[in-house]
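Residues per chain are reported as follows:
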Amino acid sequence: MTDLQHSSLSRRQWLQRAAALPAFSAISAFPMIGRAQTLPALVLGDQAGGLRALFEASKALDGAPFSWRWANFQGAAPLFEAQRSGAVDTAMAGDLPVLAAAVGKTPLKIVATRVGKPESLGIVVQGDSKLRSVADLRGQTVVVSSARGSISQYQLYGALEEAGVRRDEVTIKFVLPTDASTAFSSKQIDAWAIFDPYYTIALQNGGRILRDGRGINTALGFITASEEALVDAGKRKAIVQFLDRLARAGDWALAHPEAYAQAYTQLTRLPIEASRTITARAAVTGRPVSEADIAALQTVADRSARDGILPVRVDVRAITDAQVWQRAG
């Protein structure tokens, strides 16, 4: 077996493993087990191991005055289903999935903002595809990951509008990221709207960018907390402490990009070149929710209701609690 084949197998195994993880399979706990019995315990929702990689690289959770478990999911839809059922206390996702979760009656509040780069997602096609522009998608099938109400759906609709292509001129299918990744690798999919880390992996496996998220997506992500956790005094305090440490982790990642990429590679088993790309544009910076963030998310909510991505308009302020966390110092 060549090194290249081994790397491809590792990536595929990692993606499949990430998809298969049940809510409590990936666990990190406060090391002082005797004390952990009396400490607040949080279940921290994650997507494709991204948040966990940031914390493990920065060690920002070391010595935390609460216990925690990582709950890993391959996309926002299953993550928010877990939050809706009370299986996770916090979740992290892009702008539109948070709105979709609110429409789905997930009892959540936005408690923090994360800032990434819009080139961390886009529409990718096969390297030898005849599709050269978004206008060429007319009459074609595009796979969107992970589900209705994803940042990739918003990206696709924005790109189609920009190119003057009506949505009814394109066949859209929704496929979870790991399944779509396998299909794209075997050239069963030609056009795929997707986000990192799957986006970078597709490009490094020979895919080509048709249109990235710049000028369409906000590049904002959000941390949400379940309403049940927020009314529990111990958990609410632990969530504030978690968010303080998230901000610290983001500061560390910005100051140590290579160390962050190396740690990401160790956790995910992705090639270092892919990890450098993914971590360089990941939403690592954590900050309290601002009025500008609320306004930006409301714009996404209004446009998504207009375009039929969401069945109703979401009042962003009603699902935001900017008082939970004000960064220490």
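Here the structure is shown first, and the text comes after it.
For the structure given in this document, a descriptive report is provided here. Predicted model only: the values in this text are computed from it and were never measured.

Axis separation between helix α6 (residues 151–163) and helix α13 (residues 291–306) bottoms out at 12 Å; the angle between their running directions is 70°. Taken together, the axes of α6 and α13 are roughly perpendicular relative to one another. Where α6 abuts α13, its residues Y154, G158 and E161 lie against V300, R303, S304 and R306. For the contact of α6 with α13, a count of residues per class yields two nonpolar, two polar and three charged.

Taking 1.5 Å as the rise per residue, helix α11 (residues 257–268) with 12 residues should run 16 Å; its terminal C-alpha atoms sit 16 Å apart, in good agreement. Buried within α11 we find Y260, A261, A263, Y264, T265 and T268. In the segment just after α11, R269 is the residue with positive phi, at about 70°.

Nonpolar side chains in soluble globular proteins tend to be buried together. Counting 48 residues, the largest nonpolar core has F80, L99, L137 and L156 as the members making the most contacts within it. Once you skip the residues sitting within four places of it in the chain, L99 turns out to touch L297, V300, A301, L310, V314, V316 and I319.

All right, on to the sheet that holds strand β5 (residues 121–125) then. Spatially, five strands are ordered β7-β6-β8-β5-β9 in an open sheet, and the strand pairing comes out mixed. Looking at strand neighbours, the two that pair on one side only are β7 (171–174) and β9 (208–212), the edges of this open sheet. If you compare each strand with its neighbour and ignore which way they point, the axes differ by 30° on average. Across five bridges, β5 lies against strand β8 (residues 191–195) in antiparallel orientation.

Time to look at the pairing of β7. The pairing of strand β6 (residues 141–144) with β7 spans four bridges and is parallel. Along β7, the bridge assignment pairs V144 with F174. With α6 bridging β6 and the parallel β7, this β-α-β connection has right-handed handedness.

For the rest of this paragraph, the subject is the environment of A191. On the secondary structure map, A191 appears in strand β8. A residue is classified by how much of its surface remains accessible, and A191, at 0% relative accessible area, is buried. In sequence terms A191 and T141 are 50 residues apart; their C-alpha atoms lie 7.0 Å from each other. Excluding residues that lie within four positions of it along the chain, A191 makes contacts with V124, V125, L131, L137, T141, V142 and V143.

About the criteria used
- Residues numbered from 1 in each chain as written.
- Predicted model: local features only at pLDDT ≥ 70, side-chain atom pairs only at ≥ 80, totals over all residues.
- Heavy atoms only, no water.
- Axes fitted to C-alpha atoms, helices over the stretch in contact; angles between N-to-C directions.
- Helix = DSSP H or I, 4+ residues; strand = E, 2+ residues; numbered from the N terminus.
- Parallel < 35°, antiparallel > 145°, perpendicular 65-115°, else oblique.
- Contact = heavy atoms within 4.5 Å.
- Nonpolar A, V, L, I, M, F, W, Y, C, P; charged D, E, K, R; others polar.
- Expected span 1.5 Å × (residues − 1).
- Buried < 20%, exposed > 50% of the residue type's maximum accessible area, 1.4 Å probe, protein only.
- Core = buried A, V, L, I, M, F, W, Y, C linked by side-chain atoms within 4.5 Å.
- Pairing = 2+ DSSP bridges.
- Right-handed = clockwise from strand over helix to strand, strands pointing away.

Functional significance is not addressed by these values, which are geometric in nature.
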